[in-house]
Amino acid sequence: MTVTDRHYDREFVRTFFTSPTAVEGEEDSARLLESAARLRGMEAPDVWVPDNEDATAPSMREEGVENIVRVVGEHGDEFPGEIHPRVVWHRDDPGTRHTGFEHMRAIADPDEGAGEQVDGFVIPEVGDLDDWKKADEFLTIVESEHGLPEGSLSMSVIVESAAAEIGLNRLREEMGKPSNNLERLFLLVDGEVDYTKDMRAMTPTGALPEWETLRHNTSRGASAAGLIAVDGPYDDIRDVAGYRERMEANRALGMTGIWSLTPGQVEVANRAPLPPASGHWLLEVGDESVELTTDDSGTLVYEGDDADLEQTAADTYRLTIDGRTEEVDADELHERLVDRTSYVPGLDDIVDSMEEFEAAKEAGKGAIAMTRDATLQLGDTAVDVSRDRMWDEATYQAAQTPILVFQDVYEHRPDQHDELAETYGADVVERATQVGN
Amino acid sequence: MTVTDRHYDREFVRTFFTSPTAVEGEEDSARLLESAARLRGMEAPDVWVPDNEDATAPSMREEGVENIVRVVGEHGDEFPGEIHPRVVWHRDDPGTRHTGFEHMRAIADPDEGAGEQVDGFVIPEVGDLDDWKKADEFLTIVESEHGLPEGSLSMSVIVESAAAEIGLNRLREEMGKPSNNLERLFLLVDGEVDYTKDMRAMTPTGALPEWETLRHNTSRGASAAGLIAVDGPYDDIRDVAGYRERMEANRALGMTGIWSLTPGQVEVANRAPLPPASGHWLLEVGDESVELTTDDSGTLVYEGDDADLEQTAADTYRLTIDGRTEEVDADELHERLVDRTSYVPGLDDIVDSMEEFEAAKEAGKGAIAMTRDATLQLGDTAVDVSRDRMWDEATYQAAQTPILVFQDVYEHRPDQHDELAETYGADVVERATQVGN
Amino acid sequence: MTVTDRHYDREFVRTFFTSPTAVEGEEDSARLLESAARLRGMEAPDVWVPDNEDATAPSMREEGVENIVRVVGEHGDEFPGEIHPRVVWHRDDPGTRHTGFEHMRAIADPDEGAGEQVDGFVIPEVGDLDDWKKADEFLTIVESEHGLPEGSLSMSVIVESAAAEIGLNRLREEMGKPSNNLERLFLLVDGEVDYTKDMRAMTPTGALPEWETLRHNTSRGASAAGLIAVDGPYDDIRDVAGYRERMEANRALGMTGIWSLTPGQVEVANRAPLPPASGHWLLEVGDESVELTTDDSGTLVYEGDDADLEQTAADTYRLTIDGRTEEVDADELHERLVDRTSYVPGLDDIVDSMEEFEAAKEAGKGAIAMTRDATLQLGDTAVDVSRDRMWDEATYQAAQTPILVFQDVYEHRPDQHDELAETYGADVVERATQVGN
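Here is what the cut-offs are and how they apply
- Residues numbered from 1 in each chain as written.
- Chains lettered and ligands numbered in written order.
- Predicted model: local features only at pLDDT ≥ 70, side-chain atom pairs only at ≥ 80, totals over all residues.
- Heavy atoms only, no water.
- Helix = DSSP H or I, 4+ residues; strand = E, 2+ residues; numbered from the N terminus.
- Buried < 20%, exposed > 50% of the residue type's maximum accessible area, 1.4 Å probe, protein only.
- Contact = heavy atoms within 4.5 Å.
- Areas by Shrake-Rupley, 256 points an atom, 1.4 Å probe, with all protein chains shown as cover.
- Lys, Arg positive; Asp, Glu negative; His and termini not counted.
- Charge placed at Lys NZ, Arg CZ, Asp CG, Glu CD.
- Buried area = accessible area lost by both parts, 1.4 Å probe.
- Salt bridge = Lys/Arg side-chain N within 4 Å of Asp/Glu carboxyl O.
- Polar contact = N/O pair within 3.5 Å; in protein donor to acceptor, adjacent residues only side chain to side chain.
- Nonpolar A, V, L, I, M, F, W, Y, C, P; charged D, E, K, R; others polar.
- Pairing = 2+ DSSP bridges.
- Axes fitted to C-alpha atoms, helices over the stretch in contact; angles between N-to-C directions.
- pLDDT = per-residue confidence, 0-100.
- Least-squares fit on C-alpha atoms with pLDDT ≥ 70 in both.
- Parallel < 35°, antiparallel > 145°, perpendicular 65-115°, else oblique.
- Right-handed = clockwise from strand over helix to strand, strands pointing away.
- 1 Å grid on protein atoms, 1.4 Å probe; cavity = no way out; pocket = protein on both sides within 12 Å on 5 of 7 lines; lining within 4 Å.
- Points joined across faces, edges and corners; volume = space filled by probe spheres on them.

Chemist: Give me the overall build of chain A: which residues, what numbers.
Modeler: When helices and strands are counted, chain A shows 16 helices and 18 strands. Projecting the C-alpha coordinates of chain A onto the three principal axes gives extents of approximately 85 × 55 × 40 Å. Split into buried and exposed, the 437 residues of chain A put 54% on the buried side. Within chain A, contacts between residues at least 6 apart in sequence are counted, and of these 71% link residues at least 24 apart. In the form shown here, chain A has an accessible surface area of approximately 17,800 Å², with 44% of it arising from carbon and sulfur atoms. Charge separation in chain A, taken as the distance between the mean sites of 38 positive and 96 negative side-chain charges, equals 5 Å.

Chemist: Lay out the interface of chain A and chain C with the relevant residues and their values.
Modeler: Across the boundary between the two partners, chain A contributes 40 residues, which contact 31 residues of chain C. Across the chain A to chain C interface the summed buried area is about 2,900 Å²; carbon plus sulfur atoms make up 51%. Our count for the chain A to chain C interface comes out at 5 salt bridges. Here R200(C) ties to E11(A) by a salt bridge, and the two come within 3.8 Å at their closest N and O atoms. The tally of links from chain A across to chain C stands at 12 residue pairs in polar contact (both at pLDDT 80 or more).

Chemist: Before we move on, can you summarise the interface of chain C and chain B with the specific residues and values?
Modeler: On the side of chain B, 31 residues touch chain C, which itself brings 40 residues to the contact. Summed over both sides, the interface of chain C with chain B buries roughly 2,900 Å², with 51% coming from carbon and sulfur. Across the contact surface, chain C and chain B share 5 salt bridges. Two residues, D128(B) and R172(C), come together in a salt bridge whose shortest N-O distance is 2.8 Å. Across the contact surface, chain C and chain B share 11 residue pairs in polar contact (both at pLDDT 80 or more). Ranked by the residues each element gives to the side of chain C that touches chain B, the list is headed by helix α8 (residues 212-225) of chain C, at 5 residues. The class makeup of the residues in the side of chain C that touches chain B is 17 nonpolar, 13 polar and 10 charged.

Chemist: Lay out the sheet that holds strand β17 (residues 368-378) of chain A with the relevant residues and their values.
Modeler: Residues and elements named next belong to chain A. Spatially, the 4 strands line up as an open sheet ordered β11-β12-β17-β18, and their pairing is mixed. Looking at strand neighbours, the two that pair on one side only are β11 (293-294) and β18 (381-391), the edges of this open sheet. In this structure, β17 lies alongside β18, joined through 11 bridges in antiparallel fashion. Directly across from R372, in β18, lies its bridge partner R387. On top of the sheet, helix α11 (residues 330-340) reaches β17 and β18; it is set at about 65° to β18, its chief contact. Across the sheet, helix α12 (residues 347-362) is in contact with β17 and β18; its angle to β17 comes to roughly 145°.

Chemist: Requested: an account of the side chain of R61(C), with residues and values cited.
Modeler: All names here are of chain C. With respect to the helices, strands and loops of the structure, R61 is situated in helix α2 (residues 61-75). Buried and unpaired, R61 has no salt bridge, with D54 as the nearest side chain of opposite charge at 4.5 Å. Within the local environment of R61, its side chain forms a polar contact with the backbone oxygen of E53, the two atoms lying 3.1 Å apart. If we skip the residues at most four places from it in the chain, R61 touches N52, E53, D54, T56, V88 and H103.

Chemist: Go over the confidence of the model for chain A, please, and point to the residues and values.
Modeler: Regions with low pLDDT carry predicted coordinates that are not meant to be interpreted in detail. Of the residues in chain A, 98% reach a pLDDT of 70 or more, and the chain-wide mean stands at 93. Confidence metrics for the complex model read pTM 0.95 and ipTM 0.94.

Chemist: Residue-level account of the relation of the copies chain C and chain B, with values.
Modeler: At an RMSD of 0.1 Å, chain C and chain B line up after a rotation of 120° and a shift of 0.1 Å along the axis. This pairing of chains is accounted for by a three-fold axis. Judged by C-alpha distance, T213(C) is the residue of chain C that lies nearest the rotation axis, at 4.1 Å. A distinct binding surface is used by each copy, with only 5% of the interface residues of chain C retained as interface residues in chain B.

Chemist: If you had to explain the packing of helix α15 (residues 417-424) of chain B against helix α16 (residues 426-434) of chain B to someone new, which residues and values would you point to?
Modeler: Describing two packed helices takes the angle between their axes plus the distance from one axis to the other. Residue and element names in this part refer to chain B. Two numbers describe how α15 lies on α16: the axes approach to 7 Å, and their chain directions differ by 110°. When the axes of α15 and α16 are compared, the pair comes out roughly perpendicular. Between α15, through L420, A421 and Y424, and α16, the contact on the second element is made entirely by A426, V428 and V429. Among the residues forming the contact of α15 with α16, the class breakdown is 6 nonpolar, no polar and no charged.

Chemist: Quick rundown of the pattern of salt bridges? Include the residues and the values.
Modeler: All names here are of chain A. What the rule picks out here adds up to 117 salt bridges over all chains. A salt bridge links D322 to R340, with the shortest nitrogen-to-oxygen separation between them at 3.3 Å. Linking D322 in the loop between β14 (316-321) and β15 (324-328) with R340 in helix α11, this pair joins segments that are 18 residues apart in sequence. One connected set of salt bridges, linked through shared partners, spans R10, R14, D46, D408, R413 and D415.

Chemist: Report on the pairing of strand β8 (residues 257-260) of chain A, specifying residues and quantitative values.
Modeler: Residues and elements named next belong to chain A. Side chains of β8 alternate between two faces, with G257 and W259 and I258 and S260 buried alike. By the bridge criterion, 3 bridges tie strand β1 (residues 15-20) to β8 in an arrangement that is parallel. Within β8, the position partnered with F16 by the bridge is W259. The pairing of strand β7 (residues 228-231) with β8 spans 2 bridges and is parallel. From the neighbouring strand, V230 faces β8, where its bridge partner is G257. With helix α9 (residues 240-252) bridging β7 and the parallel β8, this β-α-β connection has right-handed handedness.

Chemist: Quick one: what's the story with empty space enclosed by the protein, residue by residue and with numbers?
Modeler: Scanning the model with the defined rule gives 5 cavities of 30 Å³ or more in all. Looking at the lining of the largest cavity, the elements with two or more residues in it are α8 (212-225) of chain A, α8 (212-225) of chain B together with α8 of chain C. Considering only enclosed or pocket space, the second largest cavity measures out at about 50 Å³ in volume. As for the second largest cavity, its lining consists of 11 residues, and the residues nearest its centre are S219(A), S223(A), G254(A), M199(C) and R200(C). Looking at the lining of the second largest cavity, the elements that each hand over two or more residues are α8 and β7 of chain A together with α7 (192-199) of chain C. Among the elements that make up the lining of the second largest cavity, the one with the highest residue count is α8(A) (3 residues). Within the lining of the second largest cavity, the residues separate by chemical class into 5 nonpolar, 3 polar and 3 charged.

Chemist: Give a detailed account of the pairing of strand β6 (residues 185-190) of chain C, specifying residues and quantitative values.
Modeler: All names here are of chain C. When you tally the buried positions in β6, you get 6 out of 6 residues, the bulk of the element. As judged from the 4 bridges shared by strand β5 (residues 154-159) and β6, these two strands associate in the parallel manner. Note on β6: the bridge partner recorded for M155 is L185. Across 3 bridges, the pairing between β6 and strand β7 (residues 228-231) is parallel. Bridge assignment links V189 to a residue of β7, and that residue is V230.

Chemist: How would you explain the packing of helix α14 (residues 401-412) of chain B against α16(B) if you had to name every residue and give the values?
Modeler: Residue and element names in this part refer to chain B. Contact pair α14 / α16: the axes reach a minimum separation of 9 Å and the direction vectors enclose 105°. Judged on the interaxial angle alone, α16 and α14 are roughly perpendicular. Every residue of α16 that contacts α14 at I403, F406, Q407 and Y410 is listed here: V429, A432, T433 and Q434. A per-class count over the contact of α14 with α16 returns 5 nonpolar, 3 polar and no charged.

Chemist: Describe the sheet that holds strand β17 (residues 368-378) of chain C, with residues and values.
Modeler: Residue and element names in this part refer to chain C. The strand order across the open sheet built from 4 strands is β11-β12-β17-β18, with neighbouring strands paired in mixed fashion. Each of the sheet's edge strands pairs with one partner strand only, and the pair in question is β11 (293-294) and β18 (381-391). Strands in contact with helix α11 (residues 330-340) are β17 and β18; relative to β18, the strand with the most contacts, it is inclined by about 65°. Helix-sheet contacts for helix α12 (residues 347-362) involve β17 and β18, and the interaxial angle to β17 is about 145°.

Here's what the structure looks like:
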């Protein structure tokens, strides 16, 4: 075993869903906890976070602890995801840390309802690694008091200070040291609102900066230490397109998971890292990649006004893209179109490619060309396009990540099997669970 | 007290203004020092740097030390900002370091003119932290020789080597160690010209790379260690728009301050981090955010050609933006416009929002919606737009940064009070100094 | 000597060219090695890498070692670049590391053919610095066994894991420690395919992410430790424009070298970091920088449709750029054009500027203005443009990097002298080799 082996069942976490633990003025202050506990399938998160910190008013947090104990005790057994309550903590305030300690003791008590159901705790506002070790030590004491094995409660942190971001560089080496139980670490979650405050950053409209370097560093820290990186909340819950874009950018950084504030966001974020049900072609025009539609005969059709093609002689074409027109022969045309097109594979395509490469490897080949053909119509002219890509062992392994996500979901979320079969078809699901093993 | 408490009066530094200490061929070689020492108000920097390094020819640097002693001795007492001369230093050259030491000894001598007026020194060309410690040790010796308390002279460094950039990661932990006085650190200033040389970077035109990762890391190092980050010089002093853009990008990284080469740049850079006197709306069209104008009736008007709106039926609109036209109902229209618009709050708006949130918190509410309404005219059609944003404690605190800048300026720069009152009105200035306390 | 003095002859490496060591099913499995060994001039790389890892099928790697021994033994003496075979290695697999050790022993054996010719080894898939030290120790043992001085074999690594990226921060301080010979380090090479897998990153089309932060960090690590940074392979070997763009972006990060997969890529990559043979002007229109052509009279002509100029009165011009038209006077016009134009200096221009600055420095001046004049024709109207830039010692040194590259190439690659003379003219080459010394 190496340190980068993950210490958890889950290899990936798509969704981190927070619920207020106690809401003032409601008949049942635990109403939101209760309804979250009943989520199933694509609306249920991989990690559910009863949030006794920012989502809950300070005056309600003692009642919040009681609500967690009761609601998680009652429903935790049936809940399809993991359960990681967030408690209060602050690197600069020992009083807050003490309160967080007492809340963890109470929630983890196996003689009360929630003890058996809680997988770990989320610690916000951590500072440098010595601060993380304080939370780790409190968890060790809680385990000792309650007769739990050391390290059995996991710990996730919110990275929302410069000191915590810098600490990510040393996680891997600190996790092996004998005087801590940092192997209990699970999720590294970015918290951009408080990070913005800690960095004292300002934008004219008050919008949050992108913080791409923070997200890179969090993802990198997770990769080096065998942990899982999760992005912070996306506040504008109506903006589904924006949420999807953010997740796509995150995945390109190696950050598969994201915070969700509503069951609607959970569903979008549970589906986003899984490959699409069917593949499609893109054409680059303007600054965009436009999805091509397929007509009845299977020809790809570009329906916009930014590209046109005309055949002017046997081997001469007039190609207009982005306002530039040029005369090209068939080979040049093909080259232009290969440059401008790309293919987004569906789950079945990925499975096909992996199986094809595995068969080739079996037959003693180290690298093969994967070819994808299509007929593309621009204006009134249709031409054939053939794209190929060399696959070797490294390509195969890098392409495998979406399949590993899929398999991890399939293994740990039986409550989503029906929805997966509905989306992809039972046959593709079956093959996707087998490929690469 | 935690390490991230700042050790200085100033919480923010907007401007770092360098002056040559001795210019050859002038009747009075200290002429530029003299005129800088007389700056007041918005033209006077937060930190004035008599520059005995790159701005002064090597042959003039001994005379430069004498000029600093004389001019700072004469005018320092009246100067409204802090005074931090830059001396020579190089990580790879002990001779240069020795000279820097001797210059600091001479300038800090309390029996000569400048000793009492100098707040600290700026050390360029530092390498890894062991190199920073050499400069720190020389300052400790200077303090010892002159009977000053250890750590009373501050030290700022120019981050202009890869080794220094990497060193930023360890500042926080090194600053607490008993064998150094690194708590004297004040500013971390990027020096992109020499950094470009140290990184051996090249661009076709010889223009400097953006070095955004360097600026992120410097800002983050400052945040983790309780210091203040400042960006390097902007050479094209005629390009005010470019200077403003750079500062806006810097603030989004948490870097509030910037180098200034002229009193004109000082004035622009002193004003830039302060909120505008009045708010305004932006509309996203093309790749730009266009400021909307307000007509006599208070309606926001977009005057460009890239957006148009027409009402075609009771609940049907034809919206054209960026060359795309779509038919939408009133709800969809509102959603599109909310997505496309944003509001840049003025100082009064920020004060209003903070006061509103404080009142809500007082009344026991943890989160409230802040709403902003406007009537927007596109083409000949006017529609109402209502944007809201949830504020909780974290939003409040992140939004507070511009107010903290304002209050810091107000406290430390009485010479700018008149100009602030002229810009914002005395009433808003008064409320802005009180809010949040 | 400081740690950042480089330990190698080469100050820069432009090209890192890998060849499979043994190809199955060929009559001569070493055919590709043989042909690579015969490359000369611009098609020959600065560093040639007989690749016994990913480019060679696992079943062929023992034969690959024999081929390296034979072919490098036969041709190495004549080969104009350095020779650094890549062996197998993996941070998580001791069996692979052991095999890599045995392969290095065999290849470095001075009693066999290649021993004398091999400059060092390339170690892929390294993890944190303790893993780098294992490879270093194996090299020390190989040196000991073969009677070579400690540290005489260089070591280059492929940075393709998060742990290795983080390790870059500590290279500088680890390299001085008495229990290792890490001073043997030479190249830090990014490996984006495996890094993508290690980070578990995903993109919709399977294209590699840009990984700009990784490249910054690799370049920075090289700068801090006196090493040389090289970017990974660019798979689409037909896309020469894309390859050039990637290299330009790399150079702006301080990363001069890049992997090459074919002699064609080698030639492009050997030429890319050298200044162009003659300078040219750029005009910014749209989102692009368009190269201006020069007509017979030496006037710069913009031939596109995105800018137009008309003189409407004695001191009034109508300037149209990017769809916006404004009336300006001559001064404003000049300012607009200065903002919109830039000059890409040729090798002769850089030499001229450096010589001019050196002469000024000799004459006691610390800073001079460098002026560049041109006549620019937009539409039917021609106007004079004069750009100036202040040069001081720091500007001079930062501008010197392309000359240092040129001089390094000239010194170490006599086989490219003819092609350099052909490109630049013998006189410019002669001056470029002398300037700055």
